[in-house]
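Spelled out from the first residue to the last, the chains are:
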Amino acid sequence: MHAHMCETCGIQFAPSEKPPAYCPICEDERQYVGWSGQRWTTLDAMRHKGYSNVFKAFDDELRLSSLECTPSFGIGQRALIVQTDVGNLMWECVPYLAGQPTMDKQFKRELDALGGIDAIAISHPHFYSTMIEWAQVLNVPIYLHEDDAGWLIRRDDHVVLWTDEQHDLFGGLTLHRLGGHFKGSQVLHWAEGAQGRGALFTGDTIQVAQDRDWVSFLYSYPNLIPLPASKVADMNAQVQRLEFDRIYGSWTDRNVIGDARTKVARSAQRYIAALEGHFSADEPNDDDGTGGNLTA
Ligand SMILES: [Zn+2]
Ligand SMILES: [Zn+2]
């Protein structure tokens, strides 16, 4: 029996004799089947190919570390470990995990130096990857929004499904369901982040753009499908109620540093203006900070 993993999205299925017939995550219109067809691997095979997880510290955010699978695998997202006085949370999950059923000793030493992990929360199904295996090895809960329960490809008692719009965790950490990208897409608010000015962890729910003073909102990133203007307005209104100065995105250095709440507001305004046709492609940027060629 092997717990097969999809090579394109990294999701791990329950152990089975034969590989699954297909990957529901990749068959969905928000994702895609790999160009060479559906391919499967396992954690054992990844180990033999030399994959590992690397911890990285943040110079200016002392209680935050990232965890990245190297070389990149699947979608390539990072996990972020937030340390609080009452426990640590792993936000998102990386596909590789060293050593089962007990954790690789070197990896465990590095994790213990951070104070371990007490809970996991994941923004949406594209980043579920091997979360069940992680939760089993660490024996910790995984907090997901109930609206995405249908995407639980591997079920397990460690999964905690929450309902409504907000769920308080511990140490000033709060989950908020914004929806959009997935119905249950959630973001994590860390009140103590950014020296008490607050930080938001947004996954694909609010995407940090390549120009890191801006963000965007899509139903599908690989297939470039937008969200309705009304939904983006709702998502923006919901996060404007929170205090945050930074956004930590899901890839290395994809962060909004400073005044992030204002930057979300103007990004939502630009997005809605584009969808409503306020766009003049021939004019040079007006450079007034309202969004270049778009007028609200
Ligand atoms: Zn897949
Ligand atoms: Zn996604």
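Here's what I pulled together on the structure shown here. As a convention, each chain's residues are numbered from 1 in the sequence order in which they are written. Numbering of ligands from 1 and lettering of chains from A proceed in the order in which they are written. Side-chain atom pairs in this predicted model are given and counted only at pLDDT of 80 or more, local residue features only at pLDDT of at least 70, and totals for whole chains, interfaces and linings cover all residues. Hydrogens and water molecules were not included; the side-chain quantities draw on all heavy atoms of the structure.

Brief notes about the nonpolar core
In this structure, Ile-120 and Trp-134 are the most contacted members of the largest nonpolar core, which totals 43 residues. Under the DSSP-based scheme used, a helix requires at least four consecutive residues in state H or I and a strand at least two consecutive residues in state E, with every element numbered from the N terminus. Elements with a minimum of two residues in this core: strand S1 (5-6), helix H1 (24-27), helix H2 (43-48), strand S4 (64-70), strand S5 (79-84), helix H3 (105-113), helix H4 (131-138) and strand S8 (142-145). Only heavy atoms matter for contacts: two residues are in contact if any of them lie within 4.5 Å across the pair. Once residues within four sequence positions are removed from consideration, Ile-120 is found in contact with Leu-89, Met-90, Glu-92, Met-131, Trp-134, Ala-135, Leu-138, Val-140, Pro-141, Ile-142 and Tyr-143. Core analysis: the next-biggest nonpolar cluster, separate from the first, contains 23 residues, Leu-218, Leu-227, Phe-244 and Ile-247 among them. Think of a nonpolar core as a cluster: buried Ala, Val, Leu, Ile, Met, Phe, Trp, Tyr and Cys residues, connected wherever their side-chain atoms sit within 4.5 Å. Exposed residues in this analysis have more than 50% of their type's maximum accessible area, buried residues have under 20%, and partly exposed residues fall in between, with area computed by a 1.4 Å probe over protein chains only.

Here's the deal with the sheet that holds strand S13 (residues 199-201)
Read from one edge to the other, the open sheet built from six strands follows the order S10-S11-S12-S13-S18-S19, with strand pairing classed as mixed. Only two strands of the sheet have a single neighbouring strand rather than two, namely strand S10 (166-168) and strand S19 (255-257). Neighbour to neighbour, the strand axes of the sheet diverge by 20 degrees on average, direction disregarded. Between any two strands, at least two bridges found by DSSP are needed for them to pair. One ladder, built from three bridges, connects strand S18 (residues 246-248) with S19; its direction is antiparallel. Opposite Arg-246, over in S19, you have Ile-257 as the bridge partner. Only the stretch in contact is used when fitting a helix axis, every axis being a line fitted to C-alpha atoms; angles between N-to-C directions are given from 0 to 180 degrees.

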